[in-house]
Amino acid sequence: AAEGQRDFIRQIIREDLATGKHHAIRTRFPPEPNGYLHIGHAKAICLNFGIAREFAGWCNLRLDDTNPGKEDPEFVEGIKDDVRWLGYEWHDLRHASDYFEVFYDSAIKLIKDGVAYVDDLSPEDMRAYRGTLTEPGRNSPFRERSVEENLDLFQRMRAGEFADGAKTLRAKIDMTSGNMNMRDPAIYRIRKVTHQNTGDAWPIYPMYDYAHCLSDALEGITHSLCTLEFEDHRPLYDWFVDKVDLVNHPELWTHLREGGFRTEPAKPRQIEFSRLNLSYSITSKRKLAQLVNENLVDGWDDPRMNTLRGLRRRGFTPGGLRLLIERLGVSKQNSIIDYSILENCIREDLDATAPRRMAVLDPIKLVITNLPEGHEEQLTFSNHPKDESFGTRNVPFSRELWIEREDFAEVPPKGFHRLKPEGEVRLRGVGIVKCDELVKDADGNVIELRCSLDLESRQGMPGADRKVKGTIHWVSAKHGVATEVRVYDRLFNVADPDDETDGKTWIEHINPEAKRIVTAWLEPAAAQVDAEQRFQFERLGYFVADRVDHTSDKPVFNRTVTLRDAWAK
Ligand code: ATP
Ligand code: MG
Ligand code: MG
């Protein structure tokens, strides 16, 4: 939080409150509903909603739906769900399309004020007239049309008289501006496409740069936070806000109030911050969609995806994601965050919040020969080593156990402190066992370890404190619940999948090991849980009961993250 206090955006806001420029802080999160939200959006969400919360203001969720055809109501529901999952609630839910009338009337005002005109240049010609960074643009031959002619043509554009691309409404600014965005940008284009909210009511649609700033102004947004690539759109943002001047032209928007919208226009200030980029990841909706459409993953909520739904299904926590965003802070410096920083935040949150259980992912049998056949006990285990409030549970123990195959080595490497022939190891919560004998199959593979339990080393016995170097976990074979476990890892096997200097495309960097399915054994108290229950499986990592496929009859768990970073170089 201390970090958060110092970032430049919160500083601006504090000053604006101190000087009385604003009495309340209003922000918005404006996603385009053309895909599901990803980890990058989490930064924009935490920033906009977080600031509103910290300063007792409010934040709207605004669906920026000015691009019909690419947008889908399915994504709208997904976005709402994801924002709530991250722990935030919006003041109002709005759509840019709620304001189509206002945008249209505002455009009429711009035409009447002589600062917008209808251009007949084709899109290609318009591009050619625009010039380049080093070369000024040229005025369109249609630039000096009269107000009357512009009004007539624009009204006919709106009536659907012209074909797609035949005419464009443009702002009359400066074709020689050093800022390309100011060279008479488009305001409206003709697109005869059905819109998911407004149907076929509009054959023309407003451009992002026009619709976005006016939506902000209409909603009374004080601080319009966006990513750095919009920095040189800011002069245009201010130009539209000033020229339309909604604050002083209530005739443009009072009908919204009559329609039941709470609205109190204000002059917003755009402030840019750097995007969140993560190594071993892609944060482009287009590429995420490609992964889904080409069946390279199992849908938008595949736990390997860094969509918020994917991360959620993977077991990542809202608290862990908020911690990441808080730690990274806010600046104008673009950088790529190492994926392990994200994983560490998730571990930190789960370490505090996830109860402990025992599970064996790759089993080998261990038989305790000095316990009678059919021996069974209930042992009491604490659910969290650092937090008594998690309570305790019963763990069934019996003569035959599953242990992790890699906790035994017939020919142990140097420094191996787990089980080996004639060696001793502590069975967690039980006592010390010694491996007396191996049982092998016809091919010579070890299939069973026959061990004796030092009864003096059991809890409450005089030898309970006797030290051995290793402690391993186990699950009672008789009581263990066979469970599908999906062992997930990073989706890409290189830090920068977009780097093509090695001759490979980003798709060729997909990590084929990122999903592995095993049948594991879980202690009963781990299996009979609700979907989305998270656990630490001792010594293995954090796991979550899959929110789609898990039932207590047929448990399915996903590995969220290992206990330690296995990728560190
Ligand atoms: P994409 O390029 O993946 O389509 P976008 O920026 O077009 O992303 P929008 O739906 O328009 O996606 O974004 C909604 C908000 O989230 C915008 O304010 C945008 O700046 C912000 N945002 C998007 N990606 C990131 C990111 N990686 N880091 C921080 N903020 C982001
Ligand atoms: Mg976009
Ligand atoms: Mg984009």
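Residues numbered from 1 in each chain as written. Chains lettered and ligands numbered in written order. Predicted model: local features only at pLDDT ≥ 70, side-chain atom pairs only at ≥ 80, totals over all residues. Heavy atoms only, no water.

Novice: Would you mind going over the overall build of the protein with me for this structure?
Specialist: Looking only at helices and strands, the protein has 15 helices and 27 strands in total. On C-alpha atoms alone, the protein measures out to a radius of gyration of 31 Å, which is more than a quarter above the 25 Å that the 2.2 N^0.38 rule sets for 569 residues. Taking the intrachain contacts of the protein between residues at least 6 apart in sequence as the baseline, contacts between residues at least 24 apart amount to 71%. For the protein, the accessible area works out to roughly 24800 Å², and carbon and sulfur atoms hold 48% of it. Charge centroids of the protein, computed over 80 positive and 95 negative side chains, lie 3 Å from each other. (Helix = DSSP H or I, 4+ residues; strand = E, 2+ residues; numbered from the N terminus. Rg over C-alpha atoms; globule rule 2.2 N^0.38 Å. Contact = heavy atoms within 4.5 Å. Areas by Shrake-Rupley, 256 points an atom, 1.4 Å probe, with all protein chains shown as cover. Lys, Arg positive; Asp, Glu negative; His and termini not counted. Charge placed at Lys NZ, Arg CZ, Asp CG, Glu CD.)

Novice: How should I be thinking about the site of ligand 1 in this particular structure?
Specialist: Contacts to ligand 1 come from 16 residues, most closely from Glu-32, His-38, Thr-227, Leu-276 and Lys-285. The backbone of Gly-40 places a nitrogen or oxygen atom 3.2 Å from a nitrogen atom of ligand 1. A distance of 3.1 Å is found between a nitrogen atom of ligand 1 and a side-chain nitrogen or oxygen belonging to Arg-275. Bound to the protein, ligand 1 loses 86% of the 600 Å² it would expose on its own. Looking at the shell around ligand 1, the element that brings in the most residues is helix α3 (residues 39–54), giving four residues. Residue composition of the shell around ligand 1, by class: six nonpolar, six polar and four charged. (Near = heavy atom within 4 Å. Polar contact = N/O pair within 3.5 Å; in protein donor to acceptor, adjacent residues only side chain to side chain. Nonpolar A, V, L, I, M, F, W, Y, C, P; charged D, E, K, R; others polar.)

Novice: Before we go on, may I ask you to explain the side chain of Ser-398 in this structure?
Specialist: Topologically, Ser-398 is positioned in strand β16 (residues 392–398). Of note is the side chain of Ser-398, whose polar atom sits 2.8 Å from the side chain of Ser-476. Ignoring sequence-local partners within four residues, the contact set of Ser-398 consists of Ile-368, His-375, Glu-376, Ser-476, Ala-477, Lys-478 and His-479.

Novice: Hey, could you run me through the pairing of strand β18 (residues 424–427) in this one?
Specialist: Bridge count for β18 against strand β19 (residues 431–440) is four bridges, and the pairing is antiparallel. Bridge assignment links Arg-426 to a residue of β19, and that residue is Ile-432. Between the end of β18 and the start of β19, which pair antiparallel, lie three residues, with Gly-429 showing a positive phi angle near 80 degrees. Where β18 and strand β21 (residues 471–472) come together, two bridges link them in parallel fashion. By the bridge assignment, Arg-426 is partnered in β21 with Thr-471. (Pairing = 2+ DSSP bridges.)

Novice: Where do I start with the packing of aromatic side chains in this structure?
Specialist: Think of a pair of aromatic rings as described by two things: how far the centres are apart, and how the planes are tilted against each other in angle. Throughout the structure, instances matching the rule amount to 25 aromatic pairs. Every member of this aromatic cluster is reached through a ring pair, and the members are Tyr-99, Phe-100, Phe-103, Tyr-104, Phe-154, Tyr-188, Trp-202, Tyr-205, Tyr-210, Trp-239, Phe-240 and Phe-261. A cation over an aromatic ring shows up here: Lys-167 above the ring of Phe-162, its NZ or CZ 4.5 Å from the ring centre. In this structure, Arg-490 is placed above the aromatic ring of Tyr-280, and the distance from its NZ or CZ to the ring centre is 4.5 Å. (Phe/Tyr/Trp six-rings, centres within 6.5 Å; stacked < 30°, edge-to-face > 60°. Lys NZ or Arg CZ within 6 Å of the ring centre and 35° of its normal.)

Novice: Teacher, can you tell me more about the sheet that holds strand β4 (residues 116–119) here?
Specialist: Either a parallel or an antiparallel arrangement is found when strands of a sheet pair, and the pairing is made through backbone hydrogen bonds. What the four strands build is an open sheet, ordered β4-β5-β6-β7; its pairing is antiparallel. Edge positions in the open sheet fall to β4 and β7 (204–206), since each of these has one partner strand only. Across the sheet, the mean angle separating the axes of adjacent strands is 20 degrees when strand polarity is ignored. Relative to strand β6 (residues 186–190), strand β5 (residues 168–171) runs antiparallel, the two sharing three bridges. Along β6, the bridge assignment pairs Arg-170 with Ala-186. Helix α7 (residues 147–159) rests against β4, β5, β6 and β7 of the sheet, and its axis sits at about 65 degrees to β4. (Axes fitted to C-alpha atoms, helices over the stretch in contact; angles between N-to-C directions.)

Novice: Is there a simple way to explain the environment of Arg-393 in this structure?
Specialist: You can see Arg-393 is positioned in strand β16. Sequence spacing of Arg-393 and Pro-412 is 19 residues, and the spatial spacing of their C-alpha atoms is 34 Å. Not counting the four nearest positions on each side in its chain, Arg-393 is found in contact with Arg-356, Arg-357, Met-358, Leu-379, Thr-380, Phe-381, Ser-382, Asn-383, Glu-523 and Ala-525. A distance of 2.7 Å separates a polar atom in the side chain of Arg-393 from a polar atom in the side chain of Glu-523.

Novice: When you look at the domain arrangement of the protein in this model, what are you seeing that I'm missing?
Specialist: Often the size quoted for an interface is simply the accessible area lost on bringing the parts together. By the assigned domains, the protein splits into domain 1 (2–273) and domain 2 (359–473). Distance from the C-alpha centre of domain 1 to the C-alpha centre of domain 2: 64 Å. (Domains from an automatic or database assignment.)

Novice: Quick question: what am I supposed to make of unusual backbone geometry here?
Specialist: Most peptide bonds take the trans form, and the phi angle of most residues other than glycine is negative. The residue Tyr-280 is not glycine, and still its phi comes out positive at about 60 degrees. Among the structural elements, Tyr-280 can be located in the loop between β10 (277–278) and α11 (285–293). Exposure remark for Tyr-280: the relative accessible area of 8% places this residue in the buried category. Notably, Glu-422 is not glycine yet its phi reads approximately 70 degrees, a positive angle. Tracing the backbone through its elements, the reader meets Glu-422 in the loop between β17 (400–404) and β18. Judged by relative accessible area, which is 52%, Glu-422 ranks as exposed. (Buried < 20%, exposed > 50% of the residue type's maximum accessible area, 1.4 Å probe, protein only.)

Novice: Got a minute to help me understand the nonpolar core in this structure?
Specialist: Across soluble globular proteins, nonpolar side chains have a tendency to be buried as a group. Ile-9, Ile-45, Phe-49, Val-83, Leu-321 and Leu-342 are the most contacted members of the largest nonpolar core, which has 50 residues in total. Of all the secondary structure elements, the ones that give two or more residues to this core are α2 (8–18), α3, β2 (58–63), α4 (73–85), β9 (269–273), α12 (308–314), α13 (318–328) and α14 (339–353). By residue number, the principal contributor to this core is α3, which donates nine residues. Counting residues in each nonpolar core, the second largest holds 42 residues, with Ala-116, Val-118, Tyr-210 and Trp-253 among its members. (Core = buried A, V, L, I, M, F, W, Y, C linked by side-chain atoms within 4.5 Å.)

Novice: Sorry, what's going on with the pairing of β2 here?
Specialist: As a general feature of sheets, a regular strand has side chains that alternate between the two faces. Buried residues dominate β2, accounting for six of its six residues. What you see with β2 is no split at all: Trp-58, Asn-60 and Arg-62 on one side and Cys-59, Leu-61 and Leu-63 on the other are buried throughout. In this sheet, β2 lies alongside strand β1 (residues 26–29) in parallel orientation, the contact comprising four bridges. Residue Arg-28 lies in a different strand from β2, and its bridge partner there is Asn-60. Tracing the backbone out of β1, into α3 and back to the parallel element β2 gives a crossover that is right-handed. By the bridge criterion, three bridges tie β2 to strand β3 (residues 93–95) in an arrangement that is parallel. (Right-handed = clockwise from strand over helix to strand, strands pointing away.)

Novice: Got a minute to help me understand the pattern of salt bridges in this structure?
Specialist: A side chain of one charge can pair with a side chain of the opposite charge when the charged atoms of the two come close. A full pass over the atoms with the stated rule returns 59 salt bridges. As a salt-bridge pair, Glu-144 and Arg-143 come within 4.0 Å of each other at their nearest N and O atoms. With relative accessibility at 59%, the residue Glu-144 sits in the exposed group. Where salt bridges share partners, they join Asp-81, Asp-82, Arg-309, Arg-312, Glu-532 and Arg-547 into one cluster. (Salt bridge = Lys/Arg side-chain N within 4 Å of Asp/Glu carboxyl O.)

Novice: So what exactly am I meant to see when it comes to the packing of helix α5 (residues 100–112) against α7 here?
Specialist: Each packed pair of helices is defined by two parameters, the angle between the axes and the distance between the axes. Contact geometry of α5 with α7 gives a least axis separation of 9 Å together with a crossing angle of 160 degrees. What the angle tells us is that α5 and α7 run roughly antiparallel. Read as a crossing pair, α5 and α7 show a hand that is right-handed. Two secondary-structure elements touch here, α5 through Glu-101, Tyr-104, Ala-107, Ile-108, Ile-111 and Lys-112 and α7 through Val-147, Asn-150, Leu-151, Phe-154, Gln-155 and Arg-158. Looking at the contact of α5 with α7 residue by residue, the classes come out as seven nonpolar, two polar and three charged. (Parallel < 35°, antiparallel > 145°, perpendicular 65-115°, else oblique. Left-handed = near helix turned anticlockwise from the far one by under 90°.)

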